Amino acid sequence: MPTSRRTLLKTSAAAAAAFSFDWTRAQTQAETVRIGVIYDLTGPFAAGGSVASSIGTQIAIDLVNEKGGIGGKYKIAPVNVDSQSKPDVAINEANRLIDQEKVDILNGVFASSHAVPLAAKVEQQKRILWITTAVSTAVFKDKNLQYVFRAQIHSDQYGQAFASFINEHAKAKLGMEPKDVKVALIHEDGPYGVGVAAADEAFAKEVGLQVALKEGYSASAPDLSVLVTKLKRAKADVISHAGYNPDITLFLRQARESGLKFKMLFGAGAGYSQLDKLRATFGADIDNFCNIDPVPAQLLDPAKLAPGIGDLTKTMVARYREKTNATEVPPHCSMGFNQTWILLNNVLPVAKEKYGGFDPEAIRKAALDVDIPAGGTIQGYGVKFYPPGTPLSGQNERSTPVVMQNAGERITVVWPTNIRTQDPVFPLPKGSVYAA
């Protein structure tokens, strides 16, 4: 039967509409860069800093889009997913972003327990994983990764800062030689905690500190009283603790109840960087505790940074407060913002202009070209990625942490000495419930 004129017109109109839709979609895709953003928006990691990191990332995206996008031309379209504080969910969501959403860039990742398997997965598929927050050195060490990058610090640096601080201050502050200082290293047993504790141990031994106890535990453990008992027996002067928010809360509560005493406690970021949440639970009990992490950008002296960096920090802080109604701006906000800002402003424009596109190969080459001197980012450190063929290929070789101290309602920088904003209180004052 011959096709009627009406049917032919309908078919032609449908084809034209489909063509128009496809052309419009292609044009939209050509004018935007779609980036998969992975954070733990629910589960225990959410309150431990992951949500704060995600907000920092979104602020960076918003600021770039408001100025016309990457290079003033290409808007960023984030595809946000919730990894729910579960490694298997993180992997499934990454697969979905790559296979179904067709994104070439994954940005974010709070937990090292997610970052380790994700890095292997994304590397295998030759997509870009741009890690903002997870710190485990094991993500990169001896993996020779080509498509995974991290401007953030790595966990070995926590141990270096911990040992260096004690070595520098033991005699003047404690009246002890470093070799007489006993340290206890406690940690959650995922890649983050294991990495920090291993670095603590290695650098502590390097400067001659006594490692009286090294003990891991599950971050989901319902009871840490046995750990507290071991610490009491060890009689350590200083405790280093790498943990998340729920297990830190449990540990500190049981430590206080059992009368555990020490001269100082050092946190290693994560839950110890969520000062507002710890203070809501423990109040002045946590005064003068130290915490090692990348610095919250607002604590740095903008006069020591590159021009414009101080103003950028002010904008980030103002927007974070607008979005959250919080007074404290945790370091995780700076982490999410800083690493995303570097990707959007120092990598992707070069990928397009110098290497011809936003494909993984162009981005990989552009990332290896990044050369930001110290003082050139909101967190103070510079950025230069170790090249392929080196033990930490893809890791920023210029990243640095600081030692911060909870000075009442404020946070101060107490190490490195050349940028400190306060002389450290060490040991804990006699009024502390934990003071030895």
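The structure presented is a predicted model; accordingly, all values stated were derived computationally and were not measured. (Residues numbered from 1 in each chain as written. Predicted model: local features only at pLDDT ≥ 70, side-chain atom pairs only at ≥ 80, totals over all residues. Heavy atoms only, no water.)

Asker: So what about the sheet that holds strand E12 (residues 410-415)? Which residues, and what values?
Answerer: Strands sit in the order E7-E6-E8-E9-E10-E11-E12 across an open sheet of 7 strands; the sheet is mixed. Pairing within the sheet leaves two strands with one partner each, and these edge strands are strand E7 (210-217) and E12. Recorded for the sheet is a direction-independent mean angle of 25 degrees between the axes of neighbouring strands. In the sheet, strand E6 (residues 182-188) pairs with strand E8 (residues 238-242) via 5 bridges, with the strands oriented parallel. Bridging across to E8, histidine 187 finds its partner in alanine 242. Against the sheet, helix H8 (residues 245-258) makes contact with E6, E7, E8 and strand E9 (264-267), and its axis sits at roughly 150 degrees relative to E8, the strand it touches most. (Pairing = 2+ DSSP bridges. Helix = DSSP H or I, 4+ residues; strand = E, 2+ residues; numbered from the N terminus. Axes fitted to C-alpha atoms, helices over the stretch in contact; angles between N-to-C directions. Contact = heavy atoms within 4.5 Å.)

Asker: Can you tell me about the pairing of E12, naming the residues and giving the values?
Answerer: Burial analysis of E12 places 5 of its 6 residues in the buried class, which makes it a mostly covered element. Pairing of strand E11 (residues 402-407) with E12, which is carried by 5 bridges, proceeds in the antiparallel orientation. Bridge assignment links alanine 407 to a residue of E12, and that residue is arginine 410. (Buried < 20%, exposed > 50% of the residue type's maximum accessible area, 1.4 Å probe, protein only.)

Asker: Please set out the domain arrangement of the protein chain residue by residue, giving values where relevant.
Answerer: Once the domains are mapped, the protein chain shows domain 1 (32-153 + 302-396) and domain 2 (156-293 + 401-419). For domain 1 versus domain 2, the separation of C-alpha centres amounts to 28 Å. Taken together, the contact pairs 21 residues of domain 1 with 20 residues of domain 2. At the boundary of domain 1 with domain 2, total buried surface from both sides reaches about 1600 Å², with 63% on carbon and sulfur atoms. Counting the surface domain 1 buries against domain 2, the share from its top three residues, Ala47, Ile153 and Glu328, is 31%. For the interface between domain 1 and domain 2, the tally reads 1 residue pair in polar contact (both at pLDDT 80 or more). Those elements giving two or more residues to the side of domain 1 that touches domain 2 turn out to be helix H2 (44-66), helix H4 (112-124) and helix H11 (331-355). Top element by residues in the side of domain 1 that touches domain 2 is H2. It accounts for 5 residues. Residue classes in the side of domain 1 that touches domain 2 are distributed as 11 nonpolar, 7 polar and 3 charged. (Domains from an automatic or database assignment. Buried area = accessible area lost by both parts, 1.4 Å probe. Polar contact = N/O pair within 3.5 Å; in protein donor to acceptor, adjacent residues only side chain to side chain. Nonpolar A, V, L, I, M, F, W, Y, C, P; charged D, E, K, R; others polar.)

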